[in-house]
Amino acid sequence: MREPIGSMVDRREVLRMLGIGSAGFVASQFAGPPVYAQSHKGTLVLAIDFADTVTFDPAHESNYMAPLIVAACYECLVTMTPDDYVNVKPALASSFQRTPDGGGWRFTLRDGVKFSSGNVMIADDVKYSLDRELHIGDQPSQYLSNVIRFDKVDDKTIDVILKNPAEPILTILAAPSFVVCEKKVLEEHGADASPDAKTKDKALDWLNQNSVGTGPYRLVRWEQNSQIQLVANPNYWRGKPPFDRVVLRHIPDSAVQLLSLQRGDIDAAFNLIPEQVAILKDSKDIWIDRLTSTDFVYLALTSEAAFNKALGIRAARQAVGYAIDYDGIKNSLLAGNAVRPVTFLPIGTNGSTEELTREIGYHEDLDRSKKLLTEAGLPNGFEFDLQYGTGAITGTSFAVLAQKLQSDLARVGIMAKLAPLDMVTFRTQYTTYKATSALTFWNPPAIESELWAAATVERVAKRVHWVPPDDVVKLVHRAAAEPDKQKQIELWRQYQQIMVDEANLFILFQPIYQIGVRRSIKTFPLTAAGWQLDMFGAQPA
């Protein structure tokens, strides 16, 4: 059995683990890729941890960082601007309205939009792209569960026909998974959009190194855990992109990101920790761009007794929830730069507030945790494997967070055995239902409460081996379709209370982005819509 660490993670140990002061290690990190930010004025260089990335094929992507690239290279029929996550805006569609029979939505395509190849976008491209995403059957297709089909009306018009017209679809179609690709080029590289696309489509490998969209940039190179390169799309319909090239460097160590930013080797650092942000507070060369995200970091626990007998008992899982020092995570590890929702509905969406979290959500209560352990027949506690990836999200190291949880749980006799894995292996185990627990992140596939909530009673429920009652599944879809906002809030409250009682998913925090940006960059528009940065809006000074 692993010995528990103290009740609070020592800040010096946090800094040591994250590399601050490790001069020799830091120096070694600069021996790799060449420096771009200072030597090429037309290049935007970003530092970010993209260890979890496995594909840039829109029909397959489901990880944290990939949407940033997809949204830079492709576009959807509609979109969300960084200042408004409620009302969708026209993008590749110039207008949209209900179909004449009310059974779906009709989209009129924008004139003069060209792909990066120079060919004009038509309805055939839109239908092909959406059919492919629907029929491939990977995770993005699950968000289209309410779609019956996509109909081409004419070369400028597409209809989306729905099973239940009352349920949302516009917000879903704004997600980076549902972009428009050039049909001709896709087919040349093995794509398939038929009902048999799951077995016939062979375009994934090509799309990992190339893009065929209408976005401001085009993917030209991806080196796993090294760098990603984009070039400007000369045919972009909104005008010349602000940079000729964009380079994303995989720098998982936040200390290396900080020094790279200070040296001018990069233009923006995505994974700075609070101590590093504080260092830059008075910098003449660097400013901090902040935005409350709709991402969150959470702990998932299985219900499968065959994986862990104790976790198969609901009271034991609830005991975990009441043993966590949520305020300590927020205030000590994150320096207050976070909020916390009750469950999978982020703060800022309808029916999710910090007041509700205080009212019905989990909070630190060690006496209650011990009482629940006794009710579960485990008065002396139990042990389980705490699994997580060896990466970081928005400056948060999962390793440090896991140590904090291990420390918290040890206070009531629950022994969490740390079980780190590389990010890809970890995500694969979790998404294929093989994990006992998972300390991981959630970023929005789209700004739509139904997608977050439906995931918890559908695919995420399978990951934690929970079979939700039919009435719970129906509650989620009823809440999503409810047009009265106040009635919807009450339905979402009922859903969130059920998730708290079931105790499989514990939200630890919803981070506030803190991105370090050099003053050579004038605008750097962050978004909480699922892709973190509006790349076309990033402008040089």
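Residues numbered from 1 in each chain as written. Predicted model: local features only at pLDDT ≥ 70, side-chain atom pairs only at ≥ 80, totals over all residues. Heavy atoms only, no water.

S.K.: Help me understand the packing of helix α18 (residues 449-457) against helix α20 (residues 470-481), please; the structure alone is not making it clear to me.
M.R.: Packed helices, taken two at a time, are described by their axes: the angle between them and the distance between them. Two elements in contact, α18 and α20, have axes whose closest approach is 10 Å; the angle formed by their N-to-C orientations is 175 degrees. By the angle class used here, α18 and α20 are roughly antiparallel. Contact residues: Glu450, Ala453, Ala454 and Val457 in α18; Val472, Val473, Val476, His477 and Ala480 in α20. For the contact of α18 with α20, the class distribution of residues is 7 nonpolar, 1 polar and 1 charged. (Axes fitted to C-alpha atoms, helices over the stretch in contact; angles between N-to-C directions. Helix = DSSP H or I, 4+ residues; strand = E, 2+ residues; numbered from the N terminus. Parallel < 35°, antiparallel > 145°, perpendicular 65-115°, else oblique. Contact = heavy atoms within 4.5 Å. Nonpolar A, V, L, I, M, F, W, Y, C, P; charged D, E, K, R; others polar.)

S.K.: How should I be thinking about the sheet that holds strand β6 (residues 147-154) in this particular structure?
M.R.: Strand-to-strand pairing in sheets goes through backbone hydrogen bonds, with the strands running parallel or antiparallel. One open sheet holds the 4 strands; their spatial order is β4-β5-β7-β6, and the pairing between them is antiparallel. Every interior strand has two partners, whereas the edge strands, β4 (93-98) and β6, have only one. Recorded for the sheet is a direction-independent mean angle of 20 degrees between the axes of neighbouring strands. Here β6 pairs with strand β7 (residues 157-162) via 6 bridges, running antiparallel. Across the sheet, residue Asp151 finds its bridge partner in β7, namely Asp159. Across the sheet, helix α4 (residues 123-136) lies against β5 (104-109), β6 and β7, angled at about 170 degrees from β6, the strand it touches most. (Pairing = 2+ DSSP bridges.)

S.K.: I'm lost on the packing of α18 against helix α21 (residues 485-502) in this one. Help?
M.R.: Between α18 and α21, the shortest axis-to-axis distance is 12 Å and the interhelical angle comes to 30 degrees. Classified by the angle between their axes, α18 and α21 sit roughly parallel to one another. Crossing of α18 over α21 shows left-handed handedness. Together, Ser449, Glu450, Trp452, Ala453 and Thr456 of α18 and Trp492, Tyr495 and Met499 of α21 make up the contact between the two elements. Within the contact of α18 with α21, the residues separate by chemical class into 5 nonpolar, 2 polar and 1 charged. (Left-handed = near helix turned anticlockwise from the far one by under 90°.)

S.K.: Before we go on, may I ask you to explain the pattern of salt bridges in this structure?
M.R.: When the charged atoms of two side chains with opposite charge come close together, those side chains can pair. By the definition in use, this model includes 23 salt bridges. Here Asp57 and Arg132 are joined by a salt bridge, their closest N and O atoms 2.7 Å apart. In this pair, Asp57 sits in the loop between β1 (43-48) and α3 (66-73) while Arg132 sits in helix α4, placing the two residues 75 residues apart along the sequence. In this pair, the class of Asp57 matches that of Arg132, namely buried. Salt-bridge contacts for Asp325 lead to Lys404; the nearest nitrogen and oxygen are separated by 2.9 Å. Note that Asp325 is positioned in the loop between α12 (314-322) and α13 (326-333) and Lys404 in helix α16 (residues 398-410), a separation of 79 residues in sequence. (Salt bridge = Lys/Arg side-chain N within 4 Å of Asp/Glu carboxyl O. Buried < 20%, exposed > 50% of the residue type's maximum accessible area, 1.4 Å probe, protein only.)

S.K.: Just checking my understanding: could you explain the pairing of β4 for this structure?
M.R.: Look at any regular strand and the pattern is simple: side chains alternate between the two faces of the sheet. Strand direction decides the pairing type here: β4 and β5, joined by 5 bridges, are antiparallel. Residue pairing across strands places Gln97 opposite Arg106, the latter belonging to β5. Taken together, β4 and the strand that follows it, β5, pair antiparallel across an intervening segment of 5 residues, in which Gly102 is found at a positive phi of about 80 degrees.

S.K.: Would you take a moment to explain the packing of aromatic side chains for this structure?
M.R.: Think of a pair of aromatic rings as described by two things: how far the centres are apart, and how the planes are tilted against each other in angle. In total, this model carries 16 aromatic pairs according to the counting rule given. Between the aromatic rings of Phe296 and Phe344, the centroid separation amounts to 4.9 Å while the plane-to-plane angle is 70 degrees, which identifies the pairing as edge-to-face. A residue pair is termed long-range when its members are at least 10 positions apart, and Phe296 in strand β13 (residues 296-301) and Phe344 in the loop between β14 (338-339) and α14 (354-360) qualify at 48 residues. A single burial state applies to Phe296 and to Phe344, both of which are buried. An aromatic cluster is present here, built from Phe296, Tyr298, Phe344 and Trp442 joined pairwise through their rings. (Phe/Tyr/Trp six-rings, centres within 6.5 Å; stacked < 30°, edge-to-face > 60°.)

S.K.: In this structure, what is going on with unusual backbone geometry? I would like to understand it.
M.R.: Glycine aside, a negative phi is what most residues show, and trans is what most peptide bonds show. Phi is positive for Asn225, close to 55 degrees, though the residue is something other than glycine. Tracing the chain through its elements places Asn225 in the loop between β8 (217-223) and β9 (227-232). Asn225 gets classed as partly exposed once you look at its relative accessible area, which sits at 39%. With phi around 70 degrees, Tyr433 is a residue other than glycine that occupies positive phi space.

S.K.: I would appreciate a short explanation of α4 in the present structure.
M.R.: Because an α-helix packs 3.6 residues into every turn, residues spaced three or four apart end up facing the same way. Across its 14 residues, α4 extends 20 Å between first and last C-alpha, which sits within 8% of the 20 Å expected from 1.5 Å per residue. α4 sits mainly inside the fold: 11 of its 14 residues count as buried. Within the sequence span of α4, burial applies to Ala123, Asp125, Val126, Tyr128, Ser129, Leu130, Asp131, Arg132, Glu133, Leu134 and Ile136. One or two positions beyond α4, positive phi appears at Gly137, with a value near 80 degrees. (Expected span 1.5 Å × (residues − 1).)

S.K.: Please clarify how the environment of Leu77 should be interpreted in this entry.
M.R.: Relative to the helices and strands, Leu77 is located in the loop between α3 and β2 (78-79). Placed 103 residues apart in sequence, Leu77 and Val180 show a C-alpha to C-alpha distance of 7.7 Å. Leave out the neighbours within four places in its chain, and Leu77 touches Pro90, Ala91, Leu92, Ala93, Phe107, Leu109, Val126 and Leu130.

S.K.: In this structure, what is going on with α12? I would like to understand it.
M.R.: Within α12, 8 of the 9 residues are buried, leaving the element largely enclosed by the surrounding structure. For α12, the set of buried residues is Ala315, Ala316, Arg317, Gln318, Ala319, Val320, Gly321 and Tyr322. For α12, the elements touching its buried residues are β13, α13, α15 (366-375), α16, α21 and β20 (505-518).

S.K.: Would you explain the side chain of Gln532 in this entry?
M.R.: Here Gln532 lies in the loop between β21 (521-523) and β22 (539-540). Judged by relative accessible area, Gln532 falls into the buried class, the value being 7%. Residues within four places of Gln532 in sequence aside, it is in contact with Tyr64, Phe270, Thr394, Tyr513, Ile515, Pro525, Leu526 and Thr527.

Shape descriptors only; they carry no functional weight alone.
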